[in-house]
Amino acid sequence: MNFITIDKKDWAGGIDRSRKTYRVFGPVQDENGCQIKPLTPDLYPLMDAGVTVMSPKSVLFPQTEKMLTATLDASREDHHIMKPVEKDDTLRVVLGIRPYDARAILLVKLNFDNPDYQDPYWCDAYAATTFVGLGVNRPGPCDFSTSTGCGPFSEEGLDVLMADLDDRYLAKILTEKGETWAGACGFDTTADAAESQALFDILRKEAEKNITASVDTDQLSEKSILDLHEAPFWDDVAFSCINCGTCTYVCPTCWCFDIQDETKHKTAVRFRNWDSCMSPLFTHHASGHNPRESKVQRVRQRFMHKLKYFVDKYDQGIMCVGCGRCVASCPVNIDIREVCTIMNNHESK
Amino acid sequence: MENPYVPYPVRIDDIEVATEDKSLKTFTFVFQNPEDEEKFAYKAGQFAELSIPGVGEIPIGIASSPVEKGFVKFTVFRTGVVTSHLHNMKKGDIMGIRGPLGNWYPWEKLENKNVVIIGGGFAFTTLRSSIVYMLDPANRSRFKNIDVVYGARSPGMLLYREELFDWEKRDDINMHITVDGTDDPEWKYHKGFVPQVVENNAPVADEDTYAIVCGPPIMIKFTQPALTKLGYQEHQIIMSLENRMKCGIGMCGRCNIGKELVCKDGPVFTLEQINQTPKEY
């Protein structure tokens, strides 16, 4: 694995060089706080940003995305035949993605890229994207990523992991994609591998020390689904929930979506939108019947999916990377860490 | 990469009103591209997304049988936006079908077994597909006794009436047709609810007998005790579930019961499997 040093004075110039081949995404401040967005030519990533309000999942899985289109004009030979919309599959790079968000992309990949079906929109976007991560030197108060199989300097899901060393970035090139990106930026100042790795280890240990929150997940896989589902604590967990769905939208691992059709003049478009298991409509049958009619059922579904069903189905740990966004954003202070602990410690009677 | 969201273009070849209240219609579709029919190779028990551009998609069980070639059939209850739109479409209209989706009745396991089919109301579509499949001369010898209990509110609400009465006359299938009630003096079949007819007429279970049950929740609820009385074990009761669906391929996340996705891991489950999941259907 090779390391390179990037002088911060050269950073903007390198990004500009890469714009010839890459669409560049990164954290920027907008009216809603700090977000990962496409960077217009005058914009550079805010590398010292904290946790972005929304996760970068939208780079691969936009909040609303056109999938198919058809003409309804009966004079056209192909009328009412749905075809995929053209997608921009040029290379893109996400700068400053945090390790927990990179792991989240791998968890989401289990859904969109599985042995039975591959979602072409997500998979093509994933194939076109390079993830240039930045280690978290100063973890926030809600960060519990060290207990979710991740951590402030985790390399999983990244093509490059960088460390901020005040006047320079030290970058560990992890994949071929990462190497290509560094080449496109013209970053080629090699750093000593052993020395650099030692520096990364120091930074990682330092950062890990600052993460004080944690969750226990070791018992989850042994619990029975039905026992947890029927456990008496769900009423208490859900009591204050207002079903706003914020937790699902800010979550980097929530992947549920809705499919809707719209027509304009003679053109039909089928697109998908993020959906949320917090919404009663999510499971509402056309007959009026709703298997998750009550708030408690929906809150239970969210936690059971993340902390039990996913664990059983994929054997890859919990469907949570410990970014802490849902904890920070919940208007009624529901805390997944507490719920996880309750579930992990639950003993059936 | 195959795009699993792109429907095969089909033409509506025939529309038949299926019940006396006109709330159900049977649509026959023909594939616009003959090679798509081959790609749509399905087994009895699977479903598909009927796809109307600009309106939306609905998951519907396939009512035609794999042994019927040249078309696919779906019987659709008018209830929401897409089904209402579909009911107003005409012969010759172009739309789409996406599938086949989901799993199917366990045909390999059912070989050399007695099969009891129990259906109620309009949940008889994939059961029709199954009966036609089993009765096909190439397949009939692969199964032992076949019993069918099928009930509806009234004679006019029974689906596929002509076929039912034809099967009734055959000696290689035992039909137990019933209606909740009728004032037709000519009615020569059963009167009464499905669970009762099951209890009185379905064969007692041995280890080589399986029941496939599809129907409204209330029918399923009361049929289970009847089957238990007849000695059916949980693994011998096979059911097909319905839940709200969008993608049909296990990605959009809404149709789960526990960790199982009804669209991809189902819709067919044994009662034994269902009893191990939360009852969120």
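Residues numbered from 1 in each chain as written. Chains lettered and ligands numbered in written order. Predicted model: local features only at pLDDT ≥ 70, side-chain atom pairs only at ≥ 80, totals over all residues. Heavy atoms only, no water.

Student: Any chance you could explain the state of the cysteines here in plain terms?
Tutor: Any covalent bond linking the sulfur atoms of two cysteines counts as a disulfide. Tallied over the entire structure, the rule returns 0 disulfides over all chains. Not engaged in a disulfide, the cysteine Cys263 of chain B finds its nearest cysteine sulfur in Cys255 of chain B; these two sulfurs lie 3.8 Å apart. (Disulfide = S-S within 2.5 Å.)

Student: Where do I start with the domain arrangement of chain A in this structure?
Tutor: Reports of interface size often rely on the accessible area that becomes lost once the parts have come together. Residue and element names in this part refer to chain A. Under the domain assignment used here, chain A contains domain 1 (3-54 + 83-209) and domain 2 (220-345). In this structure, domain 1 and domain 2 have C-alpha centres spaced 27 Å apart. Facing the 23 residues of domain 1 at the interface are 23 residues of domain 2. Of the roughly 2000 Å² buried where domain 1 meets domain 2, counting both sides, 66% is carbon and sulfur surface. There are 2 salt bridges connecting domain 1 and domain 2. A salt bridge links Arg272 to Asp119, with the shortest nitrogen-to-oxygen separation between them at 2.8 Å. Every element with two or more residues in the side of domain 1 that touches domain 2 is listed here: helix H2 (99-112) and helix H3 (120-128). At 9 residues, H2 tops the list of elements feeding residues into the side of domain 1 that touches domain 2. (Domains from an automatic or database assignment. Contact = heavy atoms within 4.5 Å. Buried area = accessible area lost by both parts, 1.4 Å probe. Salt bridge = Lys/Arg side-chain N within 4 Å of Asp/Glu carboxyl O. Helix = DSSP H or I, 4+ residues; strand = E, 2+ residues; numbered from the N terminus.)

Student: Honestly, the environment of Thr5 of chain A in this entry has me stumped. Any pointers?
Tutor: All names here are of chain A. As for its position among the elements, Thr5 is in strand S1 (residues 3-7). With 201 residues separating them along the chain, Thr5 and Glu206 place their C-alpha atoms 21 Å apart. Those residues in contact with Thr5, other than ones at most four positions away along the chain, are Arg168, Tyr169, Leu170, Thr189 and Ala191.

Student: I would appreciate a short explanation of the interface of chain A and chain B in the present structure.
Tutor: Across the contact, 52 residues belong to chain A and 43 residues belong to chain B. Approximately 3700 Å² of surface area, both sides summed, lies buried where chain A meets chain B, with 59% of it carried by carbon and sulfur atoms. At the boundary of chain A and chain B, one finds 6 salt bridges. There are 26 residue pairs in polar contact (both at pLDDT 80 or more) connecting chain A and chain B. Taken together, the elements giving at least two residues each to the side of chain A that touches chain B come down to strand S4 (64-71), H2, H3, helix H6 (225-229), strand S11 (257-264), strand S12 (267-274) and helix H9 (295-314) of chain A. (Polar contact = N/O pair within 3.5 Å; in protein donor to acceptor, adjacent residues only side chain to side chain.)

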